[in-house]
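# Geometric and topological summary
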Amino acid sequence: MDNPAPHAPPPVQPLWRVWAAGVAVAFTLGVLALWGVDRATRWWALTALTREFDTERARSQTLASATATVLTQRLALAHGVAVSFSQGGEVRALLHALAQRPTPPPPATAERLRQLDARLDIGVRELGLGLIAVADHEGVVVAAGEPPGVRSFVGNRYRDGPLYAAAREGRSARMFMVGETTGRRSVVFAEPVMVDGRFVGYVGASITLDEGVPPAEANNAIVSDAHGVVVLSREQRWLFRRLVHVPTWPPPPAEGWPIYGVQPPRLWAWQPGPQPDIWWLGPANEGTPVLETRSDVFDGLLHVHVLQPARWMEKVEHQRRLLFGLGAALAIAVLTVMVLLVTALWQARRHRIALAAMNRELQRLVITDALTGIANRRRLLELLDDELRRMRRQGRPLTVLSLDLDHFKQVNDTYGHAIGDAVLQHVVHKVQQQLRATDHFGRIGGEEFAVLLPDTGFEAAQKVAWKLREAVAQAPLQHPDGPTLHVTLSVGGATSADPASTAASLLAQADAALYAAKAAGRDRVRWANGSDLICPPAD
């Protein structure tokens, strides 16, 4: 049967198409190059920002820790004074006496209170405190030391305050508050005075928070209390503003006292920045963000916040844009040079592809039967030589089956060559379904085929031959444009493990067996040793 004509090579592309392809490639590469430059500069910027961020955070943290240390030392002084006086024998004796006797106190007790009051005044001046007060069991101040110019606290009653409530329960208390009398921002410590397990009064000591408390270099530092309210800042506009990111508001009900004065704190709505601890103090993306570092004062009584302007972010972004511009210019220059080279190579590449496709098609036509798609005679003989060499190396048997369609000429003469071609394709399909992946199937010519069964002995090969005959006989062709055709197959087989066997001898033996099968009546299997299979071999 004639082989189809070889495929024509693909046409050469017009020059304008080559140029269009070159421009498309250049544009794509340009976009990728710009994307790569952008990613590279962003990676550099991220690295630089991380480095600057770590450096500035370490510097700010050092300043926050130093400021917290100074504040802790000042607060520890006031706390120590309160503890010392609350445990002193004289204060305990006076408060115990006042708790036992009705008011007014006897002259001797009153004199001792005046002397205590004078000593407290000296202590306040010498230690730089805001107040030292001694209150009885009713919360009435009976002795107090105040700074010069401040009205005496003696006689003031603080029974409704949170400090008195905590002291009456025998607990130490500490808190920030704005003084009712002085209006000053102060941190107050209260220590209960207990005699024989009975509350007889308490001692309070305070330190005033003013702008001179933090170190001089802490210009960007603010101090908040335990509820996140700014209580110390060199910027007066920031005082008594509540930080949005400190989730401790509102104060507990026990601290419902007006600790911040008449006006409640206003919310200071910081906006989160592009990195952790970076904030905008106003609307997002407006102005310069700040880096916030924190440090606790006196076990969380106060918190120091250092707000360092993050100007390095603007500097790094400016440098990134400059690097991106340089990188983009270089990439565009390189691509401009490359586009000419791409254009020149494109046509050569098309020719090589066309030539390779033609070679592959020619190679396929050389070794493949055009109608059925299986190996042609030339390829089958090459495979038979390969299997014979393997048989000689390994000593394992090789079987050759010769197949021929019965009365195929009548099919062509009666129904035409188109139906005949369909019959050949149908038979090839049914035979292929019965073969192993290691078997070889090819067309010798016309309606004659051959099957190579490597590593297959006589008995196994007979079973395969019978399966092939049955597969064809039991599957008539249901052709949509013609009648239903029942096709049979005659098979001749030859098996050999003799190293002296040749391709010609094995094919001749298989053909002889095939002719014997046809002479015996067709639709049967005959072997080169003369045996005729008219029933399935026993498994």
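Each remark here, short or long, concerns the structure printed above.
Now for a description of the structure that goes with this document. It should be emphasised that the depicted structure is a prediction, and the values quoted were computed from it without experimental measurement. (Residues numbered from 1 in each chain as written. Predicted model: local features only at pLDDT ≥ 70, side-chain atom pairs only at ≥ 80, totals over all residues. Heavy atoms only, no water.)

### Quick look at the environment of Ser60
Mapped onto the elements of the fold, Ser60 is located in helix H1 (residues 15-87). Sequence separation of Ser60 and Glu292 is 232 residues, and the distance between their C-alpha atoms is 8.0 Å. Apart from the residues lying within four places of it in its own chain, the contact partners of Ser60 are Leu291, Thr293, Val306 and Gln308. (Helix = DSSP H or I, 4+ residues; strand = E, 2+ residues; numbered from the N terminus. Contact = heavy atoms within 4.5 Å.)

### Quick notes on the sheet that holds strand S6 (residues 221-225)
Whether parallel or antiparallel, the strands of a sheet pair through hydrogen bonds between backbone atoms. As summarised here, the arrangement of the six strands in space is S7-S6-S13-S12-S11-S10, forming an open sheet in which the pairing is antiparallel. Edge positions in the sheet fall to strand S7 (230-233) and strand S10 (271-272), since each of these pairs with one other strand and no more. (Pairing = 2+ DSSP bridges.)

### Here we look at the packing of helix H2 (residues 89-100) against helix H3 (residues 107-127)
Axis separation between H2 and H3 bottoms out at 11 Å; the angle between their running directions is 140°. Here H2 lies oblique to H3, going by the angle between them. Of the two possible hands of crossing, H2 and H3 adopt the one that is left-handed. Facing Glu90, Val91, Ala93, Leu94 and Leu98 of H2, the residues of H3 in contact are Thr109, Arg112, Leu113, Leu116 and Arg119. Of the residues that constitute the contact of H2 with H3, the class distribution is six nonpolar, one polar and three charged. (Axes fitted to C-alpha atoms, helices over the stretch in contact; angles between N-to-C directions. Parallel < 35°, antiparallel > 145°, perpendicular 65-115°, else oblique. Left-handed = near helix turned anticlockwise from the far one by under 90°. Nonpolar A, V, L, I, M, F, W, Y, C, P; charged D, E, K, R; others polar.)

### Here's the deal with the packing of aromatic side chains
A full pass over the atoms with the stated rule returns nine aromatic pairs. Centre to centre, the rings of Tyr164 and Phe199 are 5.9 Å apart; their planes meet at 75°, and the pair counts as edge-to-face. With Tyr164 in helix H4 (residues 162-168) and Phe199 in strand S5 (residues 198-208), the pair connects residues that are 35 residues apart, well separated along the chain. Take Tyr164 and Phe199: they sit in the same class, and that class is buried. Centre to centre, the rings of Trp268 and Trp270 are 5.3 Å apart; their planes meet at 85°, and the pair counts as edge-to-face. Grouping residues by exposure puts Trp268 and Trp270 together as buried. One Lys or Arg, Arg469, reaches over the ring of Trp466 and ends 4.4 Å from the middle of that ring. (Phe/Tyr/Trp six-rings, centres within 6.5 Å; stacked < 30°, edge-to-face > 60°. Buried < 20%, exposed > 50% of the residue type's maximum accessible area, 1.4 Å probe, protein only. Lys NZ or Arg CZ within 6 Å of the ring centre and 35° of its normal.)

Keep in mind that these numbers describe shape and distance, not what the molecule does.
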